[in-house]
Amino acid sequence: LGADGNALVNLVVVNAVLFVLLKFIYIIYQLSGMNVNSFGPTVLDWFTLPASIEKLATRPWTLVTFMFTHVEIFHVLANMLWLWMFGYILQDMTGNRKLVPVYLLGGWIGGLVFVISHYLVPHPDGQVAGIALVGANASILAVAVATTSVAPDYRIFPMINGGIPLWIITAVYIIVNFAGMPVSSPEMYLAQISGGVTGFMFIY
């Protein structure tokens, strides 16, 4: 999968291992006859980032774990494919030491904006209680924007009329990403936008 110390491989492995671990625990819940509805509050909630500051104060490590945590198989597969594409190009253009800082900073800033905006942005259905941020989307958007900022004219699939410019791929990723988010949680949009801005600022 790559040379030792490959940052991209390490990020993908951490995401994959945590996903498999959580799924393994979920299967244990099912096989042992335990109430699977309790899996969320007793296990998953300790890895996802709560919007509530009071709850976050009891589990501050979720500011890191949420960006490596996925619940659905299609979510983690899609995110890892996007991460691999953008991360591979970023490493190719800038070396092996930029990817992890961009990933972590994009996730941290996105997570902080998610928590803060939960208290500042009005919700269509009122203040939604108990929502949490999960997944590497803000981090990957930071990597995508950072990569595009470094080489906007980088071309993918050169066999197709000379290739597709990277900025078009990034635009498609943003559209697909935002289309899959609930309208009732505007703080999730702000979290990902903040991740993208962080990626740009890091390169700038």
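Residues numbered from 1 in each chain as written. Predicted model: local features only at pLDDT ≥ 70, side-chain atom pairs only at ≥ 80, totals over all residues. Heavy atoms only, no water.

**Re the pattern of salt bridges**
When the charged atoms of two side chains with opposite charge come close together, those side chains can pair.
Turning to step 1, where the next piece is worked out: Going through the model one piece at a time under the given rule, you end up with one salt bridge.
Turning to step 2, where the next piece is worked out: The residue Asp 45 makes a salt bridge to Lys 55 at a minimum N-O spacing of 3.3 Å. On the criterion of sequence distance, the pair formed by Asp 45 in the loop between helix 2 (39–42) and strand 1 (49–50) and Lys 55 in helix 3 (residues 53–58) is long-range, its members being ten residues apart.
Turning to step 3, where the next piece is worked out: The exposure class assigned to Asp 45 is partly exposed, which follows from its relative accessible area of 22%.
Turning to step 4, where the next piece is worked out: Using a relative accessible area of 31% as the deciding quantity, one classes Lys 55 as partly exposed. (Salt bridge = Lys/Arg side-chain N within 4 Å of Asp/Glu carboxyl O. Helix = DSSP H or I, 4+ residues; strand = E, 2+ residues; numbered from the N terminus. Buried < 20%, exposed > 50% of the residue type's maximum accessible area, 1.4 Å probe, protein only.)

**Concerning the nonpolar core**
Turning to step 1, where the next piece is worked out: Grouped together as the largest cluster of nonpolar side chains are 46 residues, with contacts concentrated most on Leu 83, Tyr 103, Phe 114 and Val 143.
Turning to step 2, where the next piece is worked out: Of all elements in the fold, only helix 1 (7–31), helix 5 (73–94), helix 6 (99–120), helix 7 (137–150), helix 8 (166–179) and helix 9 (186–203) reach the threshold of two or more residues within this core.
Turning to step 3, where the next piece is worked out: Non-local contacts of Phe 114, meaning those with residues more than four positions away in its chain, are made with Leu 49, Pro 50, Ala 51, Ile 131, Ala 132, Leu 133, Glu 187, Met 188 and Ala 191. (Core = buried A, V, L, I, M, F, W, Y, C linked by side-chain atoms within 4.5 Å. Contact = heavy atoms within 4.5 Å.)

**Focus: helix 6**
Turning to step 1, where the next piece is worked out: Spanning 22 residues, helix 6 covers 31 Å between terminal C-alpha atoms, matching the ideal 32 Å at 1.5 Å per step.
Turning to step 2, where the next piece is worked out: All of the buried residues in helix 6 are Leu 99, Val 102, Tyr 103, Gly 106, Gly 107, Gly 110, Gly 111, Phe 114, Val 115, Ser 117 and His 118. (Expected span 1.5 Å × (residues − 1).)

**Here we look at helix 5**
Turning to step 1, where the next piece is worked out: The terminal C-alpha atoms of helix 5, which comprises 22 residues, lie 31 Å apart, in line with the 32 Å expected from a rise of 1.5 Å per residue.
Turning to step 2, where the next piece is worked out: Buried within helix 5 we find Val 76, Asn 79, Met 80, Leu 83, Phe 86, Gly 87, Ile 89, Leu 90 and Gln 91.
Turning to step 3, where the next piece is worked out: Those residues of helix 5 that are buried are in contact with helix 1, helix 6, helix 7, strand 3 (155–156) and helix 8.
Turning to step 4, where the next piece is worked out: Just downstream of helix 5, Gly 95 is the residue with a positive phi angle, here 100°.

**A look at the side chain of Asn 137**
Turning to step 1, where the next piece is worked out: Looking at where Asn 137 falls in the secondary structure, it is placed in helix 7.
Turning to step 2, where the next piece is worked out: The exposure class of Asn 137 is buried, given its relative accessible area of 10%.
Turning to step 3, where the next piece is worked out: In this view, Asn 137 contacts His 75, Asn 79, Tyr 173, Asn 177 and Gln 192; residues no more than four positions away in its chain are not counted.

**A closer look at the confidence of the model for the chain**
Turning to step 1, where the next piece is worked out: Mean pLDDT over the chain: 88, with 93% of residues reaching 70 or higher.
Turning to step 2, where the next piece is worked out: Mean pLDDT per element in the chain: strand 3 is the minimum at 84, and helix 7 is the maximum at 95. (pLDDT = per-residue confidence, 0-100.)

**Digging into the packing of aromatic side chains**
Two aromatic rings, taken as a pair, are described by how far apart their centres are and by the angle between their planes.
Turning to step 1, where the next piece is worked out: Evaluation of the coordinates by the stated rule reveals nine aromatic pairs.
Turning to step 2, where the next piece is worked out: Here the aromatic rings of Phe 68 and Tyr 103 are separated by 5.3 Å at their centres, their planes lie at 35°, and the arrangement is tilted. Taken together, the residues Phe 68 in the loop between helix 4 (62–65) and helix 5 and Tyr 103 in helix 6 connect sequence positions 35 residues apart. There is no split in this pair, since Phe 68 and Tyr 103 are both buried.
Turning to step 3, where the next piece is worked out: One aromatic cluster in this structure is built from Tyr 26, Tyr 29 and Phe 39. (Phe/Tyr/Trp six-rings, centres within 6.5 Å; stacked < 30°, edge-to-face > 60°.)

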